[in-house]
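These are the residues of each chain, in order.
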Amino acid sequence: MSLTDNLLAKNTVQLDSKIPAGPMADKWNSYKDNMKLVNPNNKRKFKVIVVGTGLAGASAAATLAELGYQVDAFTFHDSARRAHSIAAQGGINGAKNYKGDGDSIHRLFYDTVKGGDFRAREANVHRLAENSIDIIDQMVAQGVPFAREYGGLLDNRSFGGAQVSRTFYARGQTGQQLLLGAYQQFSRQVGLGGIRLFNRTELIDIVVIDGHASGIVVRDLVTGELQSHAAHAVVLATGGYGNAFFLSTNAMACNVTAAWRAHRKGALFANPCYTQIHPTCIPQSDDSQSKLTLMSESLRNDGRVWVPTNPDETRPAHEVPENERDYYLERLYPSFGNLAPRDISSRAAKRLVDKGLGVGPKKNGVYLDFAEAIQRLGREVVEERYGNLFQMYERIAGENPYEQPMRIYPASHYTMGGLWVDYELMTNIPGLYAAGEANFSDHGANRLGASALMQGLSDGYFVLPYTIGNYLAPMLNKAIPGTDHPEFKAAEEAARLRFNGYLAAGGTKSPDFFHRELGKIIWDYCGMERTEQGLEKALSEIPALYEEFKKDLRVTGTGESMNQTLEKAGRVDDFFQLGMLMCHDALDRKESCGGHFRAEYQTDDGEALRDDDNYCHVSAWEWGGDPMKPNLNVEKLEFEEVHLATRSYK
Amino acid sequence: MSNHLKNITLRIWRQAGPNVKGNFENHVIDEITDEASFLEMLDILNDKLVHEGKEAVVFDHDCREGICGTCSLMIDGQAHGPQRGTTACQLHMRQFKSNDTITVEPWRASAFPLIKDLMVDRSAFDRIIESGGFITADTGGAPDANLIPIPKVIADAAMDSAECIGCGACVAACPNGAANLFTGAKIAHLNRLPQGQAERYSRVEAMVETMDEHFGSCTNHGECEAACPKEISIDVIALMHKDYRKAKFSNRKDLARG
């Protein structure tokens, strides 16, 4: 059966991306000019639930509350300040052209579409580039201490995949400073009563009544109590699913549960196989490791990546003479050099390590060398730019990067796939929105550096506050179902059964054991390089392991007090089901694009080979009642502004 | 190159809830690589406990990169353990040696009630921020980001205190359970910046008074600075006090204008 037959057979959901008509540069303004408004005095009659308090969630909740809506915000953390946006290091893009180096909205838009390997929706990306300017203004107004020049103006640097300097940064802690800015704005609204904050509270289910998102069921992690909350609209800003790989740079608690539960209630999950493997992480040091650490891509501005040409090299790095080093990124991609995009740099590193050219005790890394930068700029300048990153590296690896090169290797870092959303960031369930990394919309098959922070804040500050109003306006003074509705009771009961089930499983292995095993399968077969054979193997191994999980899981403790083992069991359960979908999607997409690299589809020199005739679309999967039987739906991607071209960084 | 540590005894605080009595429980880790982080050691212990049918030790942790501020362990009586400027999650076993006995406790401060085992409730920090730890700038009305030049030294100084991760080590280390370093850090960040001037005095007044509702008083021990994983200088407390004193006059004068 050809692909097209496959699609026609399965397109089960009507997908309307709601892209406004008109020229690309006018679409967003035209949307705003024509959207429905809610009178300021009527906004307080609407309740909006925001799940997640990272950049997207905190900025959306704060802005909606400022506008006057009643906001209920949920986080499983102890405080809204902890979300993993905080760990982003390098920076945030903004098409300000403060450097006068030829940047513009169009160029940021173009770079993002190209960087995403032509698998993102143009209209969304254009809006993102437009909003990038307002984001920088807004964050400076919030008091974010971005790096400055001596004259007091903002400093910029360049970042992977771009030839202009458009990245704003706050040392190596840009994500922290932006999140704290949004958190402070959010906290102000908590203090004023505009936001009710529910901390240490995890989403367990979405409640859909008469086809509309009507609320959520949550679990109080401290007491184990299940509660229902009803609202006019629900926003999921719950991050990505990179922890499906077990070892990733995501925080330990990052999980797919919110998105997955929405998926099971009918929301389509788009492009789950688009996962980003970040090239500059600290290599795994031992088998008991539970987390990998990212070293900001900004390091590639001054660090040079190399491996020794001799696979049996045993000398310390500084003793290896220049002519026995392969600065492979500079050699393969001369115009971008060490700043080649993430997917390309990651694959290049993997190829060399697979050839036995890796460095370090496990030969599982490549060098990122600052010797030349220290000589050129002086240690002081390098320390000012990257001091905290060097310190972090030293803590973890036990080596001093001022004296010997860092060792780095790619690791799972970000997921471009996520809940399918239309131009308004609404899923196919009316009233259910997804923002930030939780949606699929802006990065196509590969995200460029310094774009995640930009997207989270664009969605939260400058998109949702408009589009939600457009949805709510016609609902004025109409009753919505309360938490006494049978659907809420049914969802609570299902949640109770689910958690009691984990506690009663009575097996012998911890949720972590299964997570580690699952992650290994997904990494081996659905990681940096995928093949039909490998994916099929994964699709037989994952369900088998899932059966074992159901039978042999052991969760100690009770459901009535803080129980992190029980929390983990629920999250791992959902990762199993998602893992199957990732593999199905990767198997179905018989082309290579961005982070999705199918070994069967590559050019003679090993680059990704797209198939625009058959795969220039979004694959949006519908829950089919069984994780092994998802239904495929497609949204065709049209490119009006940026012409489909082979992505080259040579 | 990695080495292995042998026979580490962990003396861990176990307490089922805020209102029950707690006690130390001993667990032996037979062997562990010195490349492991301290929290990875706890992961290994927990996996073993679950395997044996026992309840895992509850502890707060998340990013494991020293930036989220979630982890909060008192290790051998020191907040975040023996390594200066390092969170517990970035502490690695190479800081310890074979046959060590390591005592692990939760933050102990009356403003941080215990939830379970090593986990405490630090919401009082959020209350301080909610009362004034922000710049009022509703979304949408911001002027161009380069409109107000900010001297590099000012921006850098603001950044130095903005680096606070809100972990609570300063409170845990303080004999009085005071939150002056945490509160002072946020005030020093915002009050130094031109954008923060409009609310400078109302901010410091509100934050200090909320802080006083929840936390003990500062008596200049300086333990907070020594414990801070971000090495925030105690100078921020002086700056807070200076602005608070000014606020008491300035706010009264402004409010009585007419």
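Source: prediction; values computed, not measured.

### Describing the overall build of chain B
For chain B, the count of helices and strands is 8 helices and 7 strands. On the principal axes, the C-alpha backbone points of chain B span a range of 70 × 45 × 35 Å. Looking at chain B as a whole, 60% of its 258 residues are labelled buried. Restricting to contacts in chain B with at least 6 residues of sequence separation, those with at least 24 account for 70%. As displayed, chain B offers around 10300 Å² of accessible surface, 50% of which is attributable to carbon and sulfur atoms.

### Some thoughts on the overall build of chain A
If you tally the helices and strands in chain A, you get 17 helices and 19 strands. Computed over the C-alpha atoms, the radius of gyration of chain A is 24 Å, within 12% of the 26 Å expected from 2.2 N^0.38 for a compact globule of 650 residues. Along the three orthogonal principal directions, the C-alpha set of chain A runs to about 75 × 60 × 50 Å. The 650 residues of chain A split such that 68% are buried.

### Considering the nonpolar core
In terms of nonpolar packing, the biggest core is built from 201 residues, with Ile92(A), Leu236(A), Leu472(A) and Phe215(B) touching the most fellow members. Leave out the neighbours within four places in its chain, and Leu472(A) touches Val38(A), Phe46(A), Val48(A), Tyr69(A), His232(A) and Ala233(A). In terms of nonpolar packing, the next biggest core, distinct from the first, is built from 36 residues, Ala340(A), Leu352(A), Phe370(A) and Tyr409(A) among them.

### A look at the packing of aromatic side chains
Overall, the coordinates contain 33 aromatic pairs over all chains when judged by the stated rule. Seen in terms of ring centroids, Phe112(B) and Phe125(B) are 5.3 Å apart; in terms of plane orientation they differ by 85 degrees. Their pairing is edge-to-face. Here Phe112(B), found in the loop between strand S5 (101-105) and strand S6 (114-116), pairs with Phe125(B), found in helix H2 (residues 123-132); they are 13 residues apart in sequence, far enough to count as distant. Here the two residues Phe112(B) and Phe125(B) agree in accessibility, since each one is buried. Linked through ring pairs, Phe513(A), Phe514(A), Tyr546(A), Phe549(A) and Phe576(A) together constitute an aromatic cluster. A cation sits over an aromatic face here: Lys32(A) above Tyr466(A), 5.3 Å from the ring centre. Residue placement shows Arg379(A) over the ring face of Tyr402(A); its charged tip is 3.9 Å from the ring centre.

### Considerations on the environment of Glu223(B)
With respect to the helices, strands and loops of the structure, Glu223(B) is situated in helix H7 (residues 223-227). Linking Glu223(B) and Asn3(B), residues 220 residues apart in sequence, is a C-alpha distance of 33 Å.

### Digging into the packing of helix H3 (residues 55-67) of chain A against helix H6 (residues 174-192) of chain A
Residues and elements named next belong to chain A. Viewed as axis vectors pointing N to C, H3 and H6 meet at an angle of 35 degrees, and their least axial separation amounts to 8 Å. At the point where H3 passes H6, the crossing takes the left-handed sense. Here Leu55, Ala58, Ser59, Ala61, Ala62, Ala65 and Glu66 of H3 lie close against H6, whose contacting residues are Leu178, Leu179, Ala182, Gln185, Phe186, Arg188 and Gln189. For the contact of H3 with H6, a count of residues per class yields 9 nonpolar, 3 polar and 2 charged.

### Let's talk about the interface of chain A and chain B
Interfaces are often sized by the accessible area lost when the parts come together. Opposite the 81 residues of chain A that make contact, chain B presents 81 residues. Interface of chain A and chain B: buried area, both sides summed, is about 6500 Å²; carbon and sulfur atoms make up 49% of it. Run the count over chain A and chain B and you get 8 salt bridges. Linking Asp138(B) and Arg188(A) is a salt bridge whose minimum nitrogen-to-oxygen distance equals 3.1 Å.

### Notes on the sheet that holds strand S7 (residues 212-220) of chain A
Residue and element names in this part refer to chain A. Spatially, the 3 strands line up as an open sheet ordered S6-S7-S8, and their pairing is antiparallel. A strand with exactly one partner marks an edge of an open sheet, and here the two such strands are strand S6 (201-209) and strand S8 (226-230). The sheet shows a mean angle of 25 degrees between the axes of neighbouring strands, taken without regard to direction. Bridge count for S7 against S8 is 5 bridges, and the pairing is antiparallel. The residue bridging Val218 from the neighbouring strand is Gln227, located in S8. Packing of helix H13 (residues 486-504) onto the sheet brings it into contact with S6, S7 and S8, and relative to S6 it is tilted by some 140 degrees.

### Looking at the domain arrangement of chain B
All names here are of chain B. Splitting chain B by domain gives domain 1 (4-115) and domain 2 (123-255). Taken over C-alpha atoms, the centre of domain 1 sits 30 Å from the centre of domain 2. The interface is formed by 18 residues belonging to domain 1 together with 17 residues belonging to domain 2. For the pair domain 1 and domain 2, the two sides together bury roughly 1300 Å², of which 62% comes from carbon and sulfur. For domain 1, the biggest contributors to the area lost against domain 2 are Arg84, Ala111 and Phe112; these three give 34% of the whole. In this assembly, domain 1 and domain 2 are joined by 1 salt bridge. A salt bridge links Arg84 to Glu231; its shortest N-O distance comes to 3.8 Å. Scanning the region where domain 1 abuts domain 2 turns up 2 residue pairs in polar contact (both at pLDDT 80 or more).

### As for the environment of Ala185(B)
Residues and elements named next belong to chain B. Of note, Ala185 is situated in helix H5 (residues 180-192). In this structure, the C-alpha to C-alpha distance between Ala185 and Ser233, residues 48 residues apart in sequence, is 8.5 Å. Residues within four places of Ala185 in sequence aside, it is in contact with Ser161, Cys164, Asn180, Ile232 and Val236.

### A closer look at helix H5 (residues 122-141) of chain A
All names here are of chain A. Here H5 spans 30 Å end to end across 20 residues, near enough to the 28 Å set by a 1.5 Å rise per residue. Ser132 marks where H5 bends most, by close to 30 degrees. For H5, a buried count of 18 out of 20 residues is recorded, marking the element as mostly surrounded by other parts of the structure. Of the residues trailing H5, Gly143 is marked for its positive phi of about 95 degrees.

### Topic: the pairing of S8(A)
For a regular strand, side chains alternate in direction, first toward one face of the sheet and then toward the other. S8(A) sits mainly inside the fold: 4 of its 5 residues count as buried. Connecting S7(A) to the next strand, S8(A), in antiparallel fashion are 5 residues, including Gly224(A) with a positive phi near 80 degrees.

### Points about the packing of H6(A) against helix H12 (residues 452-472) of chain A
Residue and element names in this part refer to chain A. At a minimum axis separation of 11 Å, H6 and H12 run at an interaxial angle of 15 degrees. Viewed along their axes, H6 and H12 adopt a mutual orientation that is roughly parallel. The handedness of the crossing between H6 and H12 comes out as left-handed. Contact residues: Thr174, Gly175, Leu178, Ala182 and Gln185 in H6; Leu453, Leu457 and Tyr461 in H12.

### Some points on the pattern of salt bridges
Note that side chains of opposite charge can pair when their charged atoms are close. According to the stated counting rule, one finds 71 salt bridges over all chains in the structure shown. We note a salt bridge from Lys54(B) to Glu52(B), for which the minimum N-O separation is 3.2 Å. Overall, Lys54(B) belongs to the partly exposed group, its relative accessible area being 43%. Take Glu52(B): its relative accessible area is 40%, and that puts it in the partly exposed class. The closest approach of N and O atoms between Arg203(B) and Glu199(B), which form a salt bridge, is 3.7 Å. Glu199(B) sits in the buried class, given a relative accessible area of 18%. Each of Asp117(A), Arg119(A), Asp343(A), Arg589(A), Glu591(A), Arg610(A), Asp612(A) and Arg647(A) takes part in salt bridges that share partners, so that together they form one network.

### Quick word on the domain arrangement of chain A
Residues and elements named next belong to chain A. The domains assigned to chain A are domain 1 (279-411) and domain 2 (489-613). Here domain 1 and domain 2 have C-alpha centroids that lie 30 Å from each other. Of the roughly 840 Å² buried between domain 1 and domain 2 on both sides combined, carbon and sulfur atoms contribute 52%. Contact with domain 2 buries area across many residues of domain 1, yet Arg347, Lys350 and Arg351 alone supply 52% of it, more than any other trio. For the pair domain 1 and domain 2, the number of links is 0 salt bridges. Our count for the contact surface shared by domain 1 and domain 2 stands at 6 residue pairs in polar contact (both at pLDDT 80 or more). Broken down by class, the residue content of the side of domain 1 that touches domain 2 amounts to 5 nonpolar, 3 polar and 5 charged.

About the criteria used
- Residues numbered from 1 in each chain as written.
- Chains lettered and ligands numbered in written order.
- Predicted model: local features only at pLDDT ≥ 70, side-chain atom pairs only at ≥ 80, totals over all residues.
- Heavy atoms only, no water.
- Helix = DSSP H or I, 4+ residues; strand = E, 2+ residues; numbered from the N terminus.
- Buried < 20%, exposed > 50% of the residue type's maximum accessible area, 1.4 Å probe, protein only.
- Contact = heavy atoms within 4.5 Å.
- Areas by Shrake-Rupley, 256 points an atom, 1.4 Å probe, with all protein chains shown as cover.
- Rg over C-alpha atoms; globule rule 2.2 N^0.38 Å.
- Core = buried A, V, L, I, M, F, W, Y, C linked by side-chain atoms within 4.5 Å.
- Phe/Tyr/Trp six-rings, centres within 6.5 Å; stacked < 30°, edge-to-face > 60°.
- Lys NZ or Arg CZ within 6 Å of the ring centre and 35° of its normal.
- Axes fitted to C-alpha atoms, helices over the stretch in contact; angles between N-to-C directions.
- Left-handed = near helix turned anticlockwise from the far one by under 90°.
- Nonpolar A, V, L, I, M, F, W, Y, C, P; charged D, E, K, R; others polar.
- Buried area = accessible area lost by both parts, 1.4 Å probe.
- Salt bridge = Lys/Arg side-chain N within 4 Å of Asp/Glu carboxyl O.
- Pairing = 2+ DSSP bridges.
- Domains from an automatic or database assignment.
- Polar contact = N/O pair within 3.5 Å; in protein donor to acceptor, adjacent residues only side chain to side chain.
- Expected span 1.5 Å × (residues − 1).
- Bend = angle between axes of the 7 residues up to and from the residue.
- Parallel < 35°, antiparallel > 145°, perpendicular 65-115°, else oblique.

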